[in-house]
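# What the coordinates show
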Amino acid sequence: DGGITQSPKYLFRKEGQNVTLSCEQNLNHDAMYWYRQDPGQGLRLIYYSQIVNDFQKGDIAEGYSVSREKKESFPLTVTSAQKNPTAFYLCASRTRGYGDTQYFGPGTRLTVL
Amino acid sequence: AQSVTQPDIHITVSEGASLELRCNYSYGATPYLFWYVQSPGQGLQLLLKYFSGDTLVQGIKGFEAEFKRSQSSFNLRKPSVHWSDAAEYFCAVLNAGGTSYGKLTFGQGTILTVHP
């Protein structure tokens, strides 16, 4: 089945530790995105990548880092510099061209203790 | 800068009643608009999208939305709500120009509760 996978579903970390969230897609999409979701705030864009080996900051990139070494993979690292990392994180990918649409993975809930 | 406003944070309807969720957008050119639905703890599922053409767009699960340029609105409707429609709904506008092409700006979401 084609789709987007995010692992793990739930993640717990101690304050001050870096943590990496996985996002993999087999849809052959060029562009990939990371969003953060907090109650009542909708989705906010953290980072996005239009093509392999290239990525851009979104609206709330501080305290996060990404890499895009393969078309299929776009991991997100939540660093210790992120002041309030507890949230629900969603990965998405997009087709290109007219009619393109973002498709979302199931999400990872990160809790920092 | 583009923006999306969903004026209703929470809506409650009875099963079988009609539904309308409001969405207003701000965008400098012809907008590309989306509605997504999210069940608790899950990812977002695309309900429908508007790119051009007919301003009344049909989607999955019996939903439709109407694009009204004069009102900068893209309201989501369903004639008869089912209990399984209880979820959170997000409206979004696509940035279709420049280096930020493909970015989505989301509204804050509307939580739908369905009473039996």
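Predicted model, so just to flag it, every value in this text is computed and none were measured.

Further remarks concern the interface of chain B and chain A. Between chain B and chain A, the contact holds 24 residues from the first and 24 residues from the second. A buried area of about 1,800 Å², summed over both sides, lies between chain B and chain A, and 50% of it is on carbon and sulfur atoms. At the boundary of chain B with chain A, the tally comes to 1 salt bridge. The residue A:Asp59 makes a salt bridge to B:Lys103 at a minimum N-O spacing of 3.8 Å. At the level of elements, strand 5 (32–38), strand 6 (44–50), strand 10 (87–94) and strand 11 (104–106) of chain B are the ones that each hand at least two residues to the side of chain B that touches chain A. A per-element tally of the side of chain B that touches chain A places strand 5 of chain B first, with 4 residues.

Further remarks concern the packing of aromatic side chains. Counting across every chain of the model gives 17 aromatic pairs over all chains. Seen from their ring centres, B:Tyr36 and B:Phe106 are 6.0 Å apart, and the 50° between their planes marks the pair as tilted. Taken together, the residues span a long stretch of sequence, with B:Tyr36 in strand 5 and B:Phe106 in strand 11 at a distance of 70 residues. Residue B:Tyr36 shares its accessibility class with B:Phe106, and that shared class is buried. Judged by centre distance (6.4 Å) and plane angle (50°), the rings of B:Tyr50 and B:Phe74 are tilted. Residue B:Tyr50 is found in strand 6, and its partner B:Phe74 is found in strand 9 (residues 73–78); the two are separated by 24 residues along the sequence. In this structure, B:Tyr50 and B:Phe74 share a single accessibility class: buried. Clustering of aromatic rings is evident, with ring pairs tying together A:Tyr33, A:Tyr35, A:Tyr48, A:Phe104, B:Tyr32, B:Phe34, B:Tyr36, B:Phe51, B:Phe90 and B:Phe106. Taking NZ or CZ as reference, A:Arg68 lies 5.9 Å from the ring centre of A:Phe74, over its face. Sitting above the plane of the B:Phe51 ring, B:Lys49 keeps its charged end 5.4 Å from the centroid.

With that out of the way, let us pick up a nonpolar patch on the surface. Side chains of A:Tyr10, A:Phe12 and A:Leu113 sit close together on the surface and give an oily, nonpolar patch of about 390 Å² of accessible area. One can find A:Leu113 in the segment after strand 11 (108–112).

This part covers the environment of B:Gln58. All names here are of chain B. Tracing the chain through its elements places Gln58 in strand 7 (residues 56–58). Assessed through its relative accessible area of 52%, Gln58 is described here as exposed. Ignoring any residue separated from it by four or fewer positions in sequence, one finds Gln58 in contact with Leu48, Phe63 and Glu64.

Once that is clear, we can look at the nonpolar core. In terms of nonpolar packing, the biggest core is built from 26 residues, with B:Leu19, B:Trp35, B:Leu47, B:Leu48, B:Phe74, B:Leu76 and B:Tyr89 touching the most fellow members. Here this core takes 4 residues from strand 10 of chain B, the largest share from any one element. For B:Leu47, the residues in contact, after removing those within four places along its chain, are B:Trp35, B:Tyr36, B:Val37, B:Gly59, B:Ile60, B:Lys61, B:Phe63, B:Leu76 and B:Tyr89. Core analysis: the second largest hydrophobic core is formed by 21 residues, A:Phe88, A:Leu90, B:Tyr32 and B:Phe51 among them.

So, on to the sheet that holds strand 7 (residues 64–66) of chain A. Residue and element names in this part refer to chain A. One open sheet holds the 4 strands; their spatial order is 1-3-8-7, and the pairing between them is antiparallel. Only two strands of the sheet have a single neighbouring strand rather than two, namely strand 1 (4–7) and strand 7. On average, adjacent strands in this sheet sit at an angle of 20° to one another, irrespective of strand direction.

Reading the values: rules and limits
- Residues numbered from 1 in each chain as written.
- Chains lettered and ligands numbered in written order.
- Predicted model: local features only at pLDDT ≥ 70, side-chain atom pairs only at ≥ 80, totals over all residues.
- Heavy atoms only, no water.
- Contact = heavy atoms within 4.5 Å.
- Buried area = accessible area lost by both parts, 1.4 Å probe.
- Salt bridge = Lys/Arg side-chain N within 4 Å of Asp/Glu carboxyl O.
- Helix = DSSP H or I, 4+ residues; strand = E, 2+ residues; numbered from the N terminus.
- Phe/Tyr/Trp six-rings, centres within 6.5 Å; stacked < 30°, edge-to-face > 60°.
- Buried < 20%, exposed > 50% of the residue type's maximum accessible area, 1.4 Å probe, protein only.
- Lys NZ or Arg CZ within 6 Å of the ring centre and 35° of its normal.
- Patch = residues over 30% accessible without salt bridge, like charges linked within 9 Å, V, L, I, M, F, W, Y side chains within 5 Å.
- Areas by Shrake-Rupley, 256 points an atom, 1.4 Å probe, with all protein chains shown as cover.
- Core = buried A, V, L, I, M, F, W, Y, C linked by side-chain atoms within 4.5 Å.
- Pairing = 2+ DSSP bridges.
- Axes fitted to C-alpha atoms, helices over the stretch in contact; angles between N-to-C directions.

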